[in-house]
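# Coordinate inspection notes
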Amino acid sequence: MSSVTVRVPAKVNVQLSVGPLREDGYHDLVNVFHAVSIFDEVVAKESESITVVVNGKWSDQVPTDDSNLAIRAARALAKHAGRTYGADLIIQKDIPVAGGMAGGSADAAGALVACNELWGLGLPFEDLMEIAGDLGSDVPFSLLGGTAVGTGRGEQLSELPTGGTFHWVFALADGGLSTASVYAECDRLRAASGAEVPWPQLDDSLMEALGTGDAYSLGAHLSNDLQPAALSLRPELGPTLEAGRQHGALGAIVSGSGPTCAFLAIDALHARDLAHSLTSTGAAHTAVAAHGPVQGATLA
Ligand SMILES: C[C@](O)(CO)[C@H](O)COP(=O)(O)OP(=O)(O)OC[C@H]1O[C@@H](n2ccc(N)nc2=O)[C@H](O)[C@@H]1O
Ligand SMILES: Nc1ncnc2c1ncn2[C@@H]1O[C@H](COP(=O)(O)OP(=O)(O)OP(=O)(O)O)[C@@H](O)[C@H]1O
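Quick caveat: nothing in here was measured; it's all calculated off a predicted structure.

## Topic: the domain arrangement of the protein
- For the protein, the assigned domains are domain 1 (3-160) and domain 2 (166-291).
- Computed from C-alpha atoms alone, the centre-to-centre distance between domain 1 and domain 2 is 22 Å.
- Each partner contributes to the interface: domain 1 provides 31 residues, whereas domain 2 provides 37 residues.
- Summing both partners gives a buried area of about 2,600 Å² for domain 1 against domain 2, and 65% of it is carried by carbon and sulfur.

## A look at the packing of helix α2 (residues 103-118) against helix α3 (residues 125-135)
- The N-to-C vectors of α2 and α3 enclose an angle of 145 degrees; their axes lie 10 Å apart at closest approach. The handedness of the crossing between α2 and α3 is right-handed. Listed contacts from α3 to Ala108, Leu112, Val113 and Asn116 of α2 are Leu128, Ile131, Ala132 and Leu135.
- A class-by-class count of the residues in the contact of α2 with α3 yields seven nonpolar, one polar and no charged.

## Quick notes on the confidence of the model for the protein
- Of all residues in the protein, 100% attain a pLDDT of 70 or more, and the chain-wide mean is 97.
- Interface confidence for the predicted complex, given as ipTM, is 0.98, next to a pTM of 0.98.

Rules of the game
Residues numbered from 1 in each chain as written. Chains lettered and ligands numbered in written order. Predicted model: local features only at pLDDT ≥ 70, side-chain atom pairs only at ≥ 80, totals over all residues. Heavy atoms only, no water. Domains from an automatic or database assignment. Contact = heavy atoms within 4.5 Å. Buried area = accessible area lost by both parts, 1.4 Å probe. Axes fitted to C-alpha atoms, helices over the stretch in contact; angles between N-to-C directions. Helix = DSSP H or I, 4+ residues; strand = E, 2+ residues; numbered from the N terminus. Left-handed = near helix turned anticlockwise from the far one by under 90°. Nonpolar A, V, L, I, M, F, W, Y, C, P; charged D, E, K, R; others polar. pLDDT = per-residue confidence, 0-100.

If you want it as structure tokens, here you go:
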């Protein structure tokens, strides 16, 4: 096979409960991931060495050196297989960069699936999941997709059945937020408040809303412990969230570490109208309608 194409979705966190800071610098989480229909595409072509090219809207914000997560994923896979392999990776980027939607993780997951196929390794899904967890906390979910609860750093996943399709609008922000600095701001705010940080707990009402496909209840139970930190670093996100609520969103939340804001709509038509309202009133410069859950990294 000389070329393989993989499509990988973005994510939103419908619950993100952040426990105390661990000794290794990470936080234990209850992280309810939900894959949505904004996709990056990763093409892997036969080559002597591992290289990457990034195309699309956000390509100028993505590194193409060895720090690119897709390159790191391909190298980790070759190392796992115990041989030197090459691949030219071509990323078509549609997921916002540093937007809290796991764009880099998506490209890493895409590279794992594409190179496993291109190189004829035939590694089972469990092996790819293990390599994914070493690359980043969000990478296993980008492989799995659907809706899932992540514990530990977020890399230990259990799939969650959902009772239907949910319709979303994502308001994109200018400039990204670094995930590490948002977690650090969360720690700083907590230390300043002096309150004890509870162990993260799964929200039963949210589980029920996901299981029954009840968008109204899901909207009422969205939660993100990183939101105060993202708002502290980007106060202008507050009015964006409020504008979505004013335009009838069932729930409005910062996506993961932000700065993308996620709005739950009643149905596809409402999502289209909400996206239009957010941009026409200037509350967001770009708003994208999407639905979830969708599959994780998939061969095209
Ligand atoms: C905010 C989320 O996107 C929600 O899904 C993730 O928790 C972040 O996942 P990610 O981007 O894959 O993050 P990683 O590359 O694993 O870690 C980046 C940095 O985020 C912080 N980090 C990440 C995950 C976690 N459970 N606790 C943390 O404190 C750490 O400072 C870490 O150095
Ligand atoms: N393939 C890639 N795509 C996007 N960013 C990448 C990639 N490889 C490395 N990066 C770097 O990683 C940083 C974080 O990008 P990413 O888009 O994954 O953030 P994010 O969506 O906020 O992550 P998460 O939601 O998982 O916390 C970028 O600023 C960029 O420098």
